[in-house]
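This is what each chain is made of:
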Amino acid sequence: MSRRQRHIAHLHLHAALTEEQYADVIEYLSGITPHVHAVPPDAVQLDLTSALRYFDLPPYDMVQTTMMRLKLLYGIDCSAGLASNRMLAAMAADASAPGETTWVPAEQAADWLYPRPVVALPGIGRATATTLNRYGLHTIGQIADLPAATLQRLLGVGQARLLSERARGHDPRPVTPTEPATHLSADLVLERDCLDPAQHHRAVLGLAEQIGQRLRGEKQVTGRITLTVRYADRSTTTRTRKLEEPTDHSPALATAALGLLAGLGLQRARVRAFTIRADDLLPAAAAHRQLSMDPGDDHARTAEAAADRARRRFGPEAVGPAALAGGRQGRRSRAMK
């Protein structure tokens, strides 16, 4: 395998995913390669070039292994495309049936593209296709063979140049990770109005755990937590606390969130929903953590990291806090920019 040869995979996820489920898939795939580009709501692109060396697998086997893991862990069927750039990989995925992978090696890209219809190229809409068809241009190969000046007269300089490059299978765009969210939020809508303080405590604890997992998955920390409580009469109460130091540690987030809950005094309140929002996000690598002399803190973080690894390998339900045993509290969570 050439060192300069990229191997890009495009996966179509044949499932109706919630935002939380889609985020879980992205987090899991980030454990295979750091070069993951989300294509919401049901696709994702991976640059597997470095992962191939790490896992010591051929490109096709790497894609098949990834698809098998998504099926086993999340029950998701995929169709995949494998090529030397993002455009070709996406087109190859479009040509694949569920469970199949179409591989377009770089040296075969021109031959693979040549007979395909012009509408298969990204960016070719109905109007452009009609114009090209009017002049007898029906396949990608015909566009690739057309002199640049002729194509410019038909479409204009800018569009003709881009179309000519794509017809020859060129796409220089790198697979860039999706820009980190500016805040994260997780919410829980209760099935019925709740008066039980123990249930309130459990709900907030579960949401704090969700936020912690998402922060660690995106390699971010938060400096501020906001708790919003919505009541049966649709009124709300919001409280915010600035953290002593930015963190992604679930127990620290839970302590802050439960402190906000205690300050509200909800013993006799009929609660309908809770939301926790994490703001002031920073890359985890840029944050400083106060050293602790308490060995229990280090043990807790080590156990937390192990639990995260287990969830990435066996699915999001594999490990959870003992206090939440018996059922997941959060029904949906989301990350927003």
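This is a predicted model, so every value here is computed, not measured. (Residues numbered from 1 in each chain as written. Predicted model: local features only at pLDDT ≥ 70, side-chain atom pairs only at ≥ 80, totals over all residues. Heavy atoms only, no water.)

Participant: How would you summarise the overall build of the chain if you had to cite specific residues and measurements?
Facilitator: For the chain, the helix and strand inventory stands at 12 helices and 11 strands. Buried positions account for 46% of the 337 residues belonging to the chain. A separation threshold of at least 6 residues defines the contact pool for the chain, and within that pool the share at least 24 residues apart is 68%. Counting only carbon and sulfur atoms, one obtains 53% of the accessible surface of the chain, whose full area is about 17800 Å². (Helix = DSSP H or I, 4+ residues; strand = E, 2+ residues; numbered from the N terminus. Buried < 20%, exposed > 50% of the residue type's maximum accessible area, 1.4 Å probe, protein only. Contact = heavy atoms within 4.5 Å. Areas by Shrake-Rupley, 256 points an atom, 1.4 Å probe, with all protein chains shown as cover.)

Participant: Give me the lowdown on the confidence of the model for the chain, citing residues and values where you can.
Facilitator: This prediction gives the chain a mean pLDDT of 85; 85% of its residues lie at or above 70. Counting interchain partners and residues more than four positions distant, the pLDDT-below-50 stretch residues 327–337 has 45 contacts. (pLDDT = per-residue confidence, 0-100.)

Participant: Break down the sheet that holds strand E3 (residues 43–47) for me, citing the residues and quoting the values.
Facilitator: Pairing is mixed in the open sheet, where 5 strands are placed in the order E2-E3-E1-E4-E5. Bordering the open sheet on either side are strand E2 (36–39) and strand E5 (101–103), each of which pairs with just one other strand. Mean inter-strand twist for the sheet, computed between neighbouring axes without regard to direction, equals 15°. Sheet analysis places strand E4 (residues 77–83) next to E5, joined by 3 bridges and oriented parallel. Bridging from a neighbouring strand, Leu-82 pairs with Trp-103 of E5. Against the sheet, helix H1 (residues 19–30) touches strand E1 (8–14), E2 and E3, its axis set at about 160° to E2. (Pairing = 2+ DSSP bridges. Axes fitted to C-alpha atoms, helices over the stretch in contact; angles between N-to-C directions.)

Participant: Please provide a residue-by-residue account of the packing of aromatic side chains, values included.
Facilitator: Applying the stated rule across the entire model yields 2 aromatic pairs. Relative to Tyr-74, the ring of Tyr-28 has its centre 6.1 Å away and its plane inclined at 65°; by these criteria the two rings are edge-to-face. You can see Tyr-28 sitting in helix H1 and its partner Tyr-74 sitting in helix H3 (residues 59–74), a full 46 residues away along the chain. Pairing Tyr-54 with Phe-55 gives two aromatic rings, centres 5.0 Å apart and planes at 85°, and the pair type is edge-to-face. Of the residues examined, Tyr-54 reaches a relative accessible area of 69% and is grouped as exposed. Residue Phe-55 is classed as partly exposed on the basis of its relative accessible area of 27%. (Phe/Tyr/Trp six-rings, centres within 6.5 Å; stacked < 30°, edge-to-face > 60°.)

Participant: So what's going on with the side chain of His-183? Which residues, and what values?
Facilitator: Here His-183 lies in strand E6 (residues 183–194). Judged by its relative accessible area of 9%, His-183 falls in the buried class. For His-183, the side chain forms a polar contact with the side chain of Arg-277, separated by 3.5 Å. (Polar contact = N/O pair within 3.5 Å; in protein donor to acceptor, adjacent residues only side chain to side chain.)

Participant: Which residues make up the pairing of strand E7 (residues 220–231), and what are the values?
Facilitator: Taken across its 12 residues, E7 has 9 buried, putting it largely inside the fold. Examined bridge by bridge, E7 and strand E10 (residues 282–283) share 2 bridges and lie antiparallel to one another. Paired with Gln-220 across the two strands is Pro-283, which belongs to E10.

Participant: I'd love a proper account of the environment of Ala-305, names of residues and values included.
Facilitator: Following the sequence through the fold, Ala-305 ends up in helix H12 (residues 295–314). For Ala-305 and His-249, which are 56 residues apart along the polypeptide, the C-alpha to C-alpha distance reads 9.8 Å.

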